[in-house]
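A structural walkthrough
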Amino acid sequence: MADLQKLATMLQELDDQMAACMKCGMCQGVCPVFAETMAEADVTRGKIALLENLAHELVVDAEGVKDKLNKCLLCGSCAANCPSGVRIMDIFLKARCIVNGYLGLSPAKKAILRGMLTRPKLFNALLDTAGKFQGLVTSKADEIVGTSCSRLMSPIIGERHFKPLAKEPLHAAVPSLDTAVGASGLKIAFYPGCAVDKFFPQVGHAAFKIFRHHGVGVFMPEGQACCGLPSLASGDMESFLRLVELNVKLFGQMPFDYLVTPCGSCTAAFKEVWPKFAAEMPSAIRHAAMTLADKAIDINAFIVDKLGVEVPTEAPKGGTPLTYHDPCHLDKSLHVTAQPRALLRSNPNYEFREMSEHNRCCGCGGSFNLYHYDVSKKIGERKRENIVASGAKVVATGCPACMLQISDMLSQAGDGIAVKHAIEIYAETLG
Ligand code: SF4
Ligand code: SF4
């Protein structure tokens, strides 16, 4: 009980932020998880009520509150639509760290977050090896989407159609870069992110083509570490701070104008999440971390807003039908919505068609997909229905996590619709 009082006291630091919630319930209408489960504990209002009760010892089941807290995509739909401006993502991430810090991580999470993610060389070596042998236990599922499925009954993979690990991940094809500034006059640091590196290296190659074409100098140091978002989502402050330190040291080696990433979640992690946890960072790295956060920019926004690429105002007609899914982190956190659409319009070989509910979450949510696949799949199926109804033959997006989820949905249904990153469509126009 004494320990529970300690947990309660720690949670009380969120009291002021939680008190801003007037329990209006407006978050219910926009929460993709609530839409499937109709459970009050699955929506923000219910989660805040549970946290308040735990903070004031009105409930004592910390494990139960942790499970409810983790049943969330961290999509930000509730925060974007809250009339009281409750800082929901701050509350959720900080509460996860407090509650998980109190209860401790599972051995599996500890091994992944602290044993692997914080050791980029080991992480790469393990996945490179897994990539070489994955064919023994998987078979091809869909040629158009490029997915595989498990040959064996696997409780982890289940019915999923997944993107196999790339035969040649980006870090193997291009271990590091340091190219001169060209016509653009800009030097950037490039952060591909784990999913582009390991599943979608073609997105990294498309980025290099774009940088070369526009005369952008590129600094890409070897040994980049995860952005830390999976650590915070799992409530592990220790591995988060280690990852911040690794990236700060790596990117502190060179001056550059922007930190450019093709992953909406990584960009949001640097730009939005790191500053929320600045007070937790050791003073020796805090300033450098905030400088990195300040320089972080999504690659679509960099190409359109900073390179000033001219794009047609009218969408071309008559090409392959194409639609776009707004990743939650790009749309609701960073408000990057016009730039990827502008890049898609620049390719005359495609005809852009807006889908219904284009900014509704795809249901991935990182580890949410692992622990709550039944709900994740239902949310993903709604996204798939909207993609199919648009008549598109290609769906583009701006986050590799969404690409993984949408690929699974389209592949399982056999829709024959390809999944691409928006910059791949733009890079095709550059010859
Ligand atoms: S919309 Fe905002 S104020 Fe209303 S219940 Fe949800 S979190 Fe609370
Ligand atoms: S972040 Fe998304 S999934 Fe989580 S409570 Fe808010 S709307 Fe629901």
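Keep in mind the model is a prediction, meaning the values are calculated, not measured.

1. So, the overall build of the chain
The helix and strand tally for the chain stands at 23 helices and 11 strands. Computed over its C-alpha atoms, the radius of gyration of the chain comes to 21 Å, within 12% of the 22 Å expected for a compact globule of 431 residues. Judged by the C-alpha coordinates and their principal axes, the chain covers about 65 × 50 × 50 Å. Evaluated residue by residue, the chain yields a buried proportion of 55% over its 431 residues.

2. Brief notes about the site of ligand 1
Taken together, 14 residues lie around ligand 1, and Cys21, Cys24, Gly25, Cys27 and Cys82 are the ones closest in. Its residues assigned to classes, the shell around ligand 1 shows nine nonpolar, three polar and two charged.

3. Focus on the sheet that holds strand S5 (residues 217-220)
The five strands lie next to each other as S3-S5-S4-S6-S7, forming an open sheet whose pairing is mixed. For this open sheet the edge positions go to strand S3 (177-178) and strand S7 (296-298), each flanked by a neighbour on one side alone. Where S3 meets S5, two bridges bridge the pair, whose relative direction is antiparallel. Residue pairing in the sheet places leucine 177 in a bridge with methionine 220 of S5.

4. Remarks on the site of ligand 2
Inspection of the region around ligand 2 gives 13 residues, with Cys31, Cys72, Leu73, Cys75 and Cys78 positioned closest. Where the shell around ligand 2 is concerned, the elements lending two or more residues are helix H3 (32-37), helix H6 (77-80) and helix H7 (88-103). Here the residues of the shell around ligand 2 sort into 10 nonpolar, three polar and no charged.

5. A look at the nonpolar core
Counting 125 residues, the largest nonpolar core has Leu11, Phe190, Phe211, Phe302 and Ile303 as its most contacted members. It is H7 that contributes the most residues to this core, nine residues altogether. Setting aside anything within four residues of it in sequence, one finds isoleucine 303 in contact with Ile210, Gly308, Val309, Leu343, Ile423 and Tyr426. The next biggest cluster of nonpolar side chains, apart from the first, holds seven residues, and it includes Leu105, Leu113, Ala225 and Leu243.

6. Re the pairing of strand S6 (residues 258-261)
In this sheet, S6 lies alongside strand S4 (residues 187-190) in parallel orientation, the contact comprising three bridges. Within the sheet, the bridge partner assigned to phenylalanine 190 lies in S6 and is valine 260. Inspection of the sheet shows S6 paired to S7 by three bridges, in the parallel sense. From the neighbouring strand, valine 260 faces S7, where its bridge partner is isoleucine 297.

7. Structural notes on the packing of aromatic side chains
The tally for this structure, following the rule as stated, stands at 10 aromatic pairs. Among the aromatic residues, those joined into a cluster by ring pairs are Tyr191, Phe219, Phe251, Phe256, Phe270 and Trp274. Positioned above the aromatic ring of phenylalanine 256, the side-chain terminus of lysine 295 is 4.8 Å from the ring centre.

8. Points about the domain arrangement of the chain
On domain assignment, one finds that the chain holds domain 1 (1-103), domain 2 (170-306) and domain 3 (311-428). Listed by partner, the interface residues are 15 residues for domain 1 and 13 residues for domain 3. Both faces combined, the contact of domain 1 with domain 3 buries some 1100 Å², and carbon together with sulfur accounts for 69% of it. Put simply, domain 1 and domain 3 have zero salt bridges between them. Across the contact surface, domain 1 and domain 3 share zero residue pairs in polar contact (both at pLDDT 80 or more). Those elements that provide at least two residues to the side of domain 1 that touches domain 3 are H3 and H6. No other element matches H3, which puts five residues into the side of domain 1 that touches domain 3. Residues of the side of domain 1 that touches domain 3, tallied by class, amount to nine nonpolar, four polar and two charged.

9. Focus on unusual backbone geometry
Of note, methionine 38 is a non-glycine position whose phi angle comes to about 55 degrees, a positive value. You can see methionine 38 is positioned in the loop between H3 and helix H4 (44-55). Positive phi, close to 50 degrees, is recorded for glutamate 357, a residue that is not glycine. Looking at where glutamate 357 falls in the secondary structure, it is placed in the loop between strand S9 (350-352) and helix H20 (367-371). The exposure class of glutamate 357 is partly exposed, given its relative accessible area of 33%.

10. Considering the pattern of salt bridges
Tallied over the entire structure, the rule returns 19 salt bridges. Across the salt bridge formed by glutamate 52 and lysine 23, the nearest N and O atoms sit 3.1 Å from each other. Taken together, the residues glutamate 52 in helix H4 and lysine 23 in the loop between helix H2 (15-19) and H3 connect sequence positions 29 residues apart. The exposure class of glutamate 52 is partly exposed, given its relative accessible area of 21%. With a shortest N-O distance of 3.4 Å, aspartate 42 and lysine 71 are connected by a salt bridge. With aspartate 42 in the loop between H3 and H4 and lysine 71 in the loop between helix H5 (62-70) and H6, the pair connects residues that are 29 residues apart, well separated along the chain.

11. Details of the environment of methionine 38
Assessed through its relative accessible area of 57%, methionine 38 is described here as exposed. For the pair formed by methionine 38 and glycine 319, sequence separation is 281 residues and the distance between their alpha carbons is 41 Å.

12. A short note on the sheet that holds strand S11 (residues 418-421)
Spatially, S9-S8-S10-S11 is the arrangement adopted by the four strands of the open sheet, whose pairing is parallel. With one partner strand each, in any of the chains shown, S9 and S11 form the two edges of the open sheet. Across this sheet, the average inter-strand angle for adjacent strands is 35 degrees, counted without regard to direction. Sheet topology places strand S10 (residues 394-397) next to S11; four bridges connect them, and they run parallel. Looking at the pairing, valine 394 lines up with alanine 418 of S11. Relative to S11, helix H22 (residues 400-413) is tilted by about 175 degrees, and along the sheet it contacts S10 and S11.

About the criteria used
Residues numbered from 1 in each chain as written. Chains lettered and ligands numbered in written order. Predicted model: local features only at pLDDT ≥ 70, side-chain atom pairs only at ≥ 80, totals over all residues. Heavy atoms only, no water. Helix = DSSP H or I, 4+ residues; strand = E, 2+ residues; numbered from the N terminus. Rg over C-alpha atoms; globule rule 2.2 N^0.38 Å. Buried < 20%, exposed > 50% of the residue type's maximum accessible area, 1.4 Å probe, protein only. Near = heavy atom within 4 Å. Nonpolar A, V, L, I, M, F, W, Y, C, P; charged D, E, K, R; others polar. Pairing = 2+ DSSP bridges. Core = buried A, V, L, I, M, F, W, Y, C linked by side-chain atoms within 4.5 Å. Contact = heavy atoms within 4.5 Å. Phe/Tyr/Trp six-rings, centres within 6.5 Å; stacked < 30°, edge-to-face > 60°. Lys NZ or Arg CZ within 6 Å of the ring centre and 35° of its normal. Domains from an automatic or database assignment. Buried area = accessible area lost by both parts, 1.4 Å probe. Salt bridge = Lys/Arg side-chain N within 4 Å of Asp/Glu carboxyl O. Polar contact = N/O pair within 3.5 Å; in protein donor to acceptor, adjacent residues only side chain to side chain. Axes fitted to C-alpha atoms, helices over the stretch in contact; angles between N-to-C directions.

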